[in-house]
Structure formats: structure tokens, C-alpha cells
Amino acid sequence: MPIATPEVYNEMLDRAKAGKFAYPAINVTSTQTLHAALRGFAEAESDGIVQISTGGAEFLGGQYSKDMVSGAVALAEFAHIVSQKYPVNVALHTDHCPKGKLDGYVRPLLALSKERVDAGLNPLFQSHMWDGSAETLKDNLEIGQELLAQAAAAKIILEVEITPTGGEEDGVTHEINDELYTTVDDALRTAEALGLGEKGRYLLAASFGNVHGVYKPGNVVLRPELLADLQEGVAAKSGKAAPFDFVFHGGSGSTDTEIATALENGVVKMNLDTDTQYAFSRPVADHMFRNYDGVLKVDGEVGDKKTYDPRSWGKAAEKGMAERVQLACANLRSTGTRLK
């Protein structure tokens, strides 16, 4: 199946919310990790989301120019071709983009998709994220209004992060403290500024103690039940039941119970990066250790071409990451839910 059309992406999100499951959103940085994500979704019979962060796009742009837009566009175009060989629907998304990188990343990509839509084509990406969590909520929402209008005109869904996620993600850092919990007032101000769908659809990355990076269960206090308070607080004023489509950031180390609670309260997308990075790299490390004399020309020897050929360890890396994507689908209840 091809990359999801705007209509299919909306249907995917609606089905997830109604069915109380979520799509894994897998960060990719290469054609190889893209294939691993697609393979994982296909083997789980789950639709899904593939996303590119600013750092990932810069890496994809090559170390000579490090151009984020070139990197993101190149991988998206590649994805539009190779995804047709996988029996699932996949949406393309750009991950965290702070204010200082909007002009070099999200805004040019929005303009590119608008040109495509005006020409009768579908947008290149299906959603983009605006991360204004480092700004005041007032400034965050003002920029959000601008970007939402541009996204809607290009048939794109916007993701907004209104309060901080702890830890570090591509150079954006937030302390782990009480500010990591979105309040009902924050949610009400968001609904007032961005609407509840009438100004364009958006996904909401609300904070309930989330932290990017690596941590063990118990080290971070997650309160996914807070999402119910946000839904109910805005529903009481707007009259619209469960008004938000939530995104779960910083989920490494989350317990099954925490994930289940988040799904029950409207999470439709959960980001995975740390865990899939490790799942990709671990088989490579294993290959290198087991074939030390082959991948290195030790003591003037010739080594073993079959072991240092990137395809030999690359296949293992793809398999390892694909298996982790399958596990994510199972944890998020999306296994077997693909649109036919």
C-alpha cells in the first residue's frame, strides 16, 4: 500500500481513538531504519507512523551540508516508493521542531506540501510537529495558530507540544520537575486558541511526567490518568466528548499499566526512538564482536569481506529493529488492526 493519503490518515487516527489503541511512531534516520520500521508494521499487520526529527533530517542530509529539508524530503520520496511493497498504511511525520528551527525545517516542508496539494497531489508528509514547549504558552499557541492554518491548507495534521517533556531530544532539554504535568487550564487555553477541529486537526502532546531518553520503570513518575482530567475539563466547557487526540512522548521504560491507562484516555500515537535505536545497534555490536578478526584487518591480514560487507550486519540490524516495532504494536494494541 502507498503512504497514507490525508483521508486514510484521518481514518487511522479515528479508528485508533475509537478502538483505544495507538500507533507506534518510529523515528528513522536512514533508508535501512525506514525499512526496519515498515517491516515491523507489516509483520504485525499494523498501520503506523514513521517520523524524522530535526537531528535525523540533518543526518539524512549528509555530513557535508547537513541540510534538514533535503534530508527529510529525500527520505520521504524514498518512502513513497518503497512503502508500496508493504501491506500496511504508513503516515510520514516530522518530530520535535523548536522555534529556532521552524524556518529551516517545518515551514519549508509545509510550503512544499502546499505546492503539491495546489497541483492536485497529496502532501509529502501527513503531519508535522511544532514543539513550543520552551516558549511561554501564549507564544506557543500564537505560533501554533499560524502553523495550524498552514497545515490545514496543505491537508496536513499538526502536532503541538504545549508543556515540557523532560530530558533531552535533539538539543531541546527540560528539567525533570513539577512542570512536566499539563493542567486543565493549559488544555482549555489550547482549545480556545486552536479550536477542536474546526480550524484544522491537531494532535496534542500533553505532559504527564514524560521524559525523553533511557530510564527504568519507577525512576520517573508518570501520571497518564491526568489525560482523563484534561479530556473531561475541556469536554465540560465545549460539550465535545474526549476532544483531544493525545501523543505519548518519552515512553521508554513505561509499564504495561501506564501504557494501558494512556490508551484508555485518548492516546493515539506513541513515539519510539531510544528503544528502537538500541534494537538496531545491538545486533551490529554482536556481529562485530563475534567476527572481530573478519571485520578488521588484524596484524596485516586481509580480513573477511563477507563479515565487513554492510549487508551482513545490516540485515541483522533491520531484523532486530523490526522485532522491536512488532513488540510496540502489541503493547499499543495496534497488532492486526491495519486498514484493508
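In this report, we go over the structure that sits alongside the text.

Calculation notes
- Residues numbered from 1 in each chain as written.
- Predicted model: local features only at pLDDT ≥ 70, side-chain atom pairs only at ≥ 80, totals over all residues.
- Heavy atoms only, no water.
- Salt bridge = Lys/Arg side-chain N within 4 Å of Asp/Glu carboxyl O.
- Buried < 20%, exposed > 50% of the residue type's maximum accessible area, 1.4 Å probe, protein only.
- Axes fitted to C-alpha atoms, helices over the stretch in contact; angles between N-to-C directions.
- Helix = DSSP H or I, 4+ residues; strand = E, 2+ residues; numbered from the N terminus.
- Left-handed = near helix turned anticlockwise from the far one by under 90°.
- Contact = heavy atoms within 4.5 Å.
- Nonpolar A, V, L, I, M, F, W, Y, C, P; charged D, E, K, R; others polar.
- Pairing = 2+ DSSP bridges.
- Core = buried A, V, L, I, M, F, W, Y, C linked by side-chain atoms within 4.5 Å.
- Parallel < 35°, antiparallel > 145°, perpendicular 65-115°, else oblique.
- Polar contact = N/O pair within 3.5 Å; in protein donor to acceptor, adjacent residues only side chain to side chain.

Observations regarding the pattern of salt bridges
A complete count under the given rule lists 16 salt bridges for this structure. Across the salt bridge formed by aspartate 309 and arginine 311, the nearest N and O atoms sit 2.7 Å from each other. What makes aspartate 309 buried here is its relative accessible area of 14%. One salt-bridge network, in which partners are shared between bridges, spans Asp14, Lys17, Arg201 and Asp245.

Quick word on the packing of helix α10 (residues 274-290) against helix α13 (residues 310-331)
Two packed helices can be described by the angle between their axes and the distance between those axes. Running from N to C, α10 and α13 point in directions that differ by 145 degrees, and their axes come no closer than 8 Å. Seen from above, α10 lies across α13 with right-handed handedness. On α13, the residues that touch Asp275, Thr276, Ala279, Phe280, Pro283, Val284, His287 and Met288 of α10 are Ser312, Trp313, Ala316, Ala317, Glu318, Gly320, Met321, Arg324 and Val325. Its residues assigned to classes, the contact of α10 with α13 shows 10 nonpolar, four polar and three charged.

What to know about the pairing of strand β1 (residues 23-27)
The element β1 is extensively covered by neighbouring structure, given that five of its five residues are classed as buried. What you see with β1 is no split at all: Tyr23, Ala25 and Asn27 on one side and Pro24 and Ile26 on the other are buried throughout. Pairing between β1 and strand β10 (residues 267-272): four bridges, direction parallel. Along β10, the bridge assignment pairs alanine 25 with asparagine 271.

Observations regarding the nonpolar core
In this structure, Phe41, Tyr105 and Phe244 are the most contacted members of the largest nonpolar core, which totals 79 residues. When near neighbours in sequence (up to four residues on either side) are disregarded, phenylalanine 41 contacts Pro24, Ile26, Ser46, Asp47, Gly48, Ile49, Val50, Val88, Val90, Val325 and Cys329. Counting 16 residues, the second largest nonpolar core, distinct from the first, contains Tyr23, Ile157, Val247 and Val268.

What about the packing of helix α2 (residues 31-44) against helix α4 (residues 68-82)?
Closest axis-to-axis distance for the α2/α4 pair is 11 Å, and the angle between their directions is 40 degrees. The angle between the axes of α2 and α4 places the two elements in the oblique class. The two elements α2 and α4 cross, and the hand of that crossing is right-handed. On α4, the residues touching Thr31, Leu34, His35 and Leu38 of α2 are Leu75, Phe78, Ala79 and Val82.

Things to note about the side chain of asparagine 271
Relative to the helices and strands, asparagine 271 is located in strand β10. Among the polar contacts made by the side chain of asparagine 271, one reaches the side chain of aspartate 95 at a distance of 3.5 Å. A distance of 2.7 Å separates a polar atom in the side chain of asparagine 271 from a polar atom in the side chain of lysine 269. Once residues lying within four places of it in the same chain are set aside, the contact partners of asparagine 271 are Ala25, Gln51, Asp95, Val247, Phe248 and His249.

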